[in-house]
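For reference, the chains in residue letters:
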Amino acid sequence: MVSSVPFDILADPQAEIQQLFDEHLQSQSSTDFSSLLSNHFKEIFGEQERLDLIPELRSTYPNLKDFPSDTNVTPPLPKLVQFRGMLQDTSASPELYISHLKDGKYGGWGAHGPIGQIVDYSNLCECNRYWVVSVPGEAGWAKQSPMNDVTIMTSQISHQHAPHKFPLPSTSHIGLQANIYSTRLDEDLKSTDIVTFVGLFEAECNTLHVLFYLPAKTIREVDSVYPSPLCYQDASNATLRRELLSWIAEESLAGDIDAAEWVLLSSISRVQSRHPPIMPASITLSRFPPPSTVSSSAPSSSTTPADPGPSTYLSTPTLYHVLSLILPIIVHVPLSLPLLNDGAFVPESKPRRNSEGAEDDPEDELYSGILQLAPSTLCFITDSSVTEGQINDRGVRNLRALQEVIHNQTLEYVFPYSGFRFETDIGFIVCTEGKKSALAETHVTIPLKPVKSWSTTELQQRLYKPSTDIQSPPSDKLEAWRKLVGGAIAKQVNNVSRSNASSPSSTTPVGGIGVSNEAAELIQEEFVRERQNMAKSPNDDTKSQALSTPDELIHRMLIAKLVALSMHEPEVSVEVWRQTKDLEDRRKVRTA
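Rules of the game
Residues numbered from 1 in each chain as written. Predicted model: local features only at pLDDT ≥ 70, side-chain atom pairs only at ≥ 80, totals over all residues. Heavy atoms only, no water. Helix = DSSP H or I, 4+ residues; strand = E, 2+ residues; numbered from the N terminus. Buried < 20%, exposed > 50% of the residue type's maximum accessible area, 1.4 Å probe, protein only. Contact = heavy atoms within 4.5 Å. Core = buried A, V, L, I, M, F, W, Y, C linked by side-chain atoms within 4.5 Å. Axes fitted to C-alpha atoms, helices over the stretch in contact; angles between N-to-C directions. Parallel < 35°, antiparallel > 145°, perpendicular 65-115°, else oblique. Left-handed = near helix turned anticlockwise from the far one by under 90°. Nonpolar A, V, L, I, M, F, W, Y, C, P; charged D, E, K, R; others polar. Expected span 1.5 Å × (residues − 1). Pairing = 2+ DSSP bridges. Polar contact = N/O pair within 3.5 Å; in protein donor to acceptor, adjacent residues only side chain to side chain. Salt bridge = Lys/Arg side-chain N within 4 Å of Asp/Glu carboxyl O. 1 Å grid on protein atoms, 1.4 Å probe; cavity = no way out; pocket = protein on both sides within 12 Å on 5 of 7 lines; lining within 4 Å. Points joined across faces, edges and corners; volume = space filled by probe spheres on them.

1. Overview of the overall build of the chain
Step number 1: Per the secondary structure count, the chain includes 14 helices and 17 strands.
Step number 2: Here the chain holds 592 residues, and the buried ones make up 53% of them.
Step number 3: Of the contacts made within the chain by residues no fewer than 6 positions apart, 78% connect residues no fewer than 24 positions apart.

Below, the structure written as structure tokens:
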């Protein structure tokens, strides 16, 4: 039965579940009730218009047990909510519940029988448990905003009792246990997936009893249109792109347009193919001046990478704040010796922390690592806080894990006596003072080149101004830029998804962007000619600008496709190829 009035269900979801349970018993159907219930609620609230009626779980308040003992507080009934989060731990053991309670009441989904009730073991069922957290680094503007947000009381455990379950240390977030009762519902769920869960939230035990869930997109639907329509004063995509580059350069890169273009290309770059491996184009912004003052309390494992405190605020490059206005998910990781030597970069399974002094051996749970991030996250790394000192064995392993994600897009999850590598899709931008970073090797290095000869102090003021000093564009233009960037990202993500689902003989272009016949002929002619010239004059000064190896050709093809994607062009044209070649040649001149 499908209710025609979802508002009645919002007011009393338990009554709707009980009615469905009664009908299920009367029908004597062999269908699993958990699957029937999930399909029922998904049919009612699966559409976005109906989903927006469900309040969103957002804020965290103290647990009920922390209220004064003389306060008359009754545990509230579970509330129907939705929560958009990232799966952090999928390894918890199933939990038993009684599916049929006394007096014909349903069991599970927050419904409990009286203490001491005689258990009919034929009614025992299992539900799977997951730990879900707020999406690390998600920008406020990118979060979905239902029409009637409500603040729900949640448990204190999300902040104080389980900080090790969130990738970004000491960062405010929501963390909760999600119980999924339909075993057929969660077959495809895996760590770091972004999912919108709909269910009954039980504040007293910080548990969301899931009715159904929807895979959530990292890019808002409105920003993922490709190619994007002319949405700002009839401006073309090429015009919007030029204006975006000028804004990034002026606000955060001392006017360096070329550096801004490399930043944009790296920001939109995602995994285009696993076989053959075509990974995101990570970049290093070298010759990037350090801040004028760096806090004496260097960031450590207890420091918030994504939200530095007041003492380290001005050590965050303005570029991070600028990109936060454009990209849906971005995380700042300020590398330091304490963070490397004491912090956790990879998830690791350890015995659960037991604060109640139980004598039983605690169950293992997954402790999060800084690199356990959702797909399409941009990881913004700075090393200005690194001082002289030694890197211990843990620090070496952390750096090795960082390099593995940058180059191979895999992250190791450490379990007792074993380790497993899981695929990631994370972009990286590294800012370093030297010619290259000593801690992170990226695919491309571009030295920063300010447009004027500012003094060191003036340059630092431009590169490290606070977010409140950024000159933001009009809101409609900002939305147009987000559509431009979001569409380019979604194009690659959707293409990889289609490629994984299709046969190996699929003719879909890698990255979703093809190459025009004219451009293909030009590229082939240039490659052959430059290889011949290199063979005749191996010591020629033009060697650095030639396509001397197949790897350099592959690299330039990747950059050309990113240039086409950033303009929402359907393919690499001759014009795009020449533009890419000029951009790469100017970069090589800087690095010579």
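2. Remarks on the nonpolar core
Step number 1: Core analysis: the biggest nonpolar cluster contains 67 residues, and Leu 253 and Leu 285 have the highest contact counts within it.
Step number 2: If near-sequence neighbours (up to four positions away) are discounted, Leu 253 is found in contact with Ile 248, Ala 259, Ala 260, Val 263, Leu 285, Phe 288, Leu 319, Leu 448 and Leu 463.
Step number 3: If you look at the next biggest cluster of nonpolar residues, it comprises 36 residues, including Trp 131, Leu 366, Ala 401 and Ile 406.

3. A closer look at the packing of helix 13 (residues 550–566) against helix 14 (residues 574–591)
Step number 1: Taken N-terminus to C-terminus, the directions of helix 13 and helix 14 make an angle of 120°; their axes are 9 Å apart at the nearest point. Between helix 13 and helix 14, the angle is such that the two are oblique. The two elements helix 13 and helix 14 meet at a crossing, and its hand is right-handed. Together, Glu 552, Leu 553, His 555, Arg 556, Met 557, Ile 559, Ala 560, Val 563 and Ala 564 of helix 13 and Val 576, Trp 577, Gln 579, Thr 580, Lys 581, Glu 584, Asp 585 and Lys 588 of helix 14 make up the contact between the two elements.
Step number 2: In the contact of helix 13 with helix 14, the residues fall into eight nonpolar, three polar and six charged.

4. A word on helix 5 (residues 237–252)
The periodicity of an α-helix, 3.6 residues per turn, causes residues three or four positions apart to be oriented the same way.
Step number 1: The end-to-end C-alpha distance of helix 5, which contains 16 residues, comes to 22 Å, matching closely the 22 Å that a straight helix rising 1.5 Å per residue would cover.
Step number 2: Residues of helix 5 that are buried include every one of Asn 237, Leu 240, Arg 241, Leu 244, Leu 245, Trp 247, Ile 248, Ala 249, Glu 251 and Ser 252, and no others.
Step number 3: Following helix 5 by one or two positions, Ala 254 adopts a phi angle in the positive range, close to 55°.

5. Some words on unusual backbone geometry
Step number 1: In the segment running from His 275 into Pro 276, the intervening peptide bond is cis, with an omega of 0°.
Step number 2: Positionally, Pro 276 belongs in the loop between helix 6 (257–268) and strand 7 (283–286).
Step number 3: At Arg 287, a position not held by glycine, the phi torsion is positive, near 55°.
Step number 4: Note on placement: Arg 287 falls in the loop between strand 7 and helix 7 (318–324).

6. What about the side chain of Thr 284?
Step number 1: With respect to the secondary-structure elements, Thr 284 resides in strand 7.
Step number 2: On the basis of relative accessibility, which here comes to 2%, the residue Thr 284 falls in the buried class.
Step number 3: Beyond its immediate stretch of four places on either side in the chain, Thr 284 contacts Val 430, Thr 432, Ser 437, Ala 440, Thr 442, Val 444, Thr 445 and Ile 446.

7. Re the environment of Ile 370
Step number 1: As for its position among the elements, Ile 370 is in the loop between strand 10 (364–367) and strand 11 (377–382).
Step number 2: Its relative accessible area of 1% is what places Ile 370 among the buried residues.
Step number 3: Those residues within four positions of Ile 370 in sequence are excluded, and the remaining contacts are Pro 167, Pro 169, Val 333, Leu 339, Ala 344 and Phe 345.

8. Remarks on the sheet that holds strand 7
Step number 1: Pairing is parallel across the open sheet formed by five strands, whose spatial order is 8-11-14-7-15. The sheet terminates laterally at strand 8 (330–334) and strand 15 (444–447), the two strands that pair on one side only. Strand after strand, the sheet turns through a mean of 20° between neighbouring axes, direction not considered.
Step number 2: Bridge count between strand 7 and strand 15: four bridges; the pairing is parallel. The residue of strand 15 that forms the bridge with Thr 284 is Thr 445.

9. Focus: helix 9 (residues 393–408)
Step number 1: Between the first and last C-alpha of helix 9 there are 22 Å, a value that for 16 residues agrees with the 22 Å anticipated at 1.5 Å per step.
Step number 2: Listing the buried residues of helix 9 in full gives Gly 395, Asn 398, Leu 399, Ala 401, Leu 402, Gln 403, Val 405 and Ile 406.
Step number 3: Tucked into the core, helix 9 has its buried residues touching helix 8 (337–342), strand 11, strand 12 (410–415) and strand 14 (426–431).
Step number 4: The N-terminus of helix 9 is capped by Asn 392, whose side-chain oxygen sits 3.1 Å from the backbone nitrogen of Arg 394.
Step number 5: Where helix 9 terminates, the next one or two residues include Gln 409, which has phi positive at roughly 55°.

10. Considerations on the pattern of salt bridges
Step number 1: A complete count under the given rule lists 19 salt bridges for this structure.
Step number 2: Of the charged contacts, one joins Lys 465 and Glu 251 as a salt bridge, the two residues approaching to 2.8 Å between their closest N and O atoms. Here Glu 251 lies in helix 5 and Lys 465 lies in the loop between helix 10 (456–463) and helix 11 (475–501), a separation of 214 residues in the sequence.
Step number 3: For Lys 465, a relative accessible area of 18% corresponds to the buried category.
Step number 4: In this structure, the salt-bridge partner of Arg 274 is Glu 423, at a minimum N-O distance of 3.6 Å. Of this pair, Arg 274 sits in the loop between helix 6 and strand 7 while Glu 423 sits in strand 13 (residues 418–423), and the two are 149 residues apart along the sequence.
Step number 5: Accessibility expressed as a relative area gives 19% for Arg 274, which makes it buried.

11. Quick word on the layout of surface pockets
If you roll a probe as big as a water molecule over the atoms, it shows you where there is empty space left.
Step number 1: By volume, the largest pocket is sized at about 1,100 Å³.
Step number 2: Lining the largest pocket are 33 residues, and of these Lys 190, Asp 193, Pro 375, Val 493 and Ser 497 lie nearest its centre.
Step number 3: Looking at the lining of the largest pocket, the elements that each hand over two or more residues are strand 5 (194–202), strand 6 (207–215), strand 12, strand 13 and helix 11.
Step number 4: In terms of residue count, the dominant contributor to the lining of the largest pocket is helix 11 (six residues).
Step number 5: For the lining of the largest pocket, the class distribution of residues is 17 nonpolar, nine polar and seven charged.

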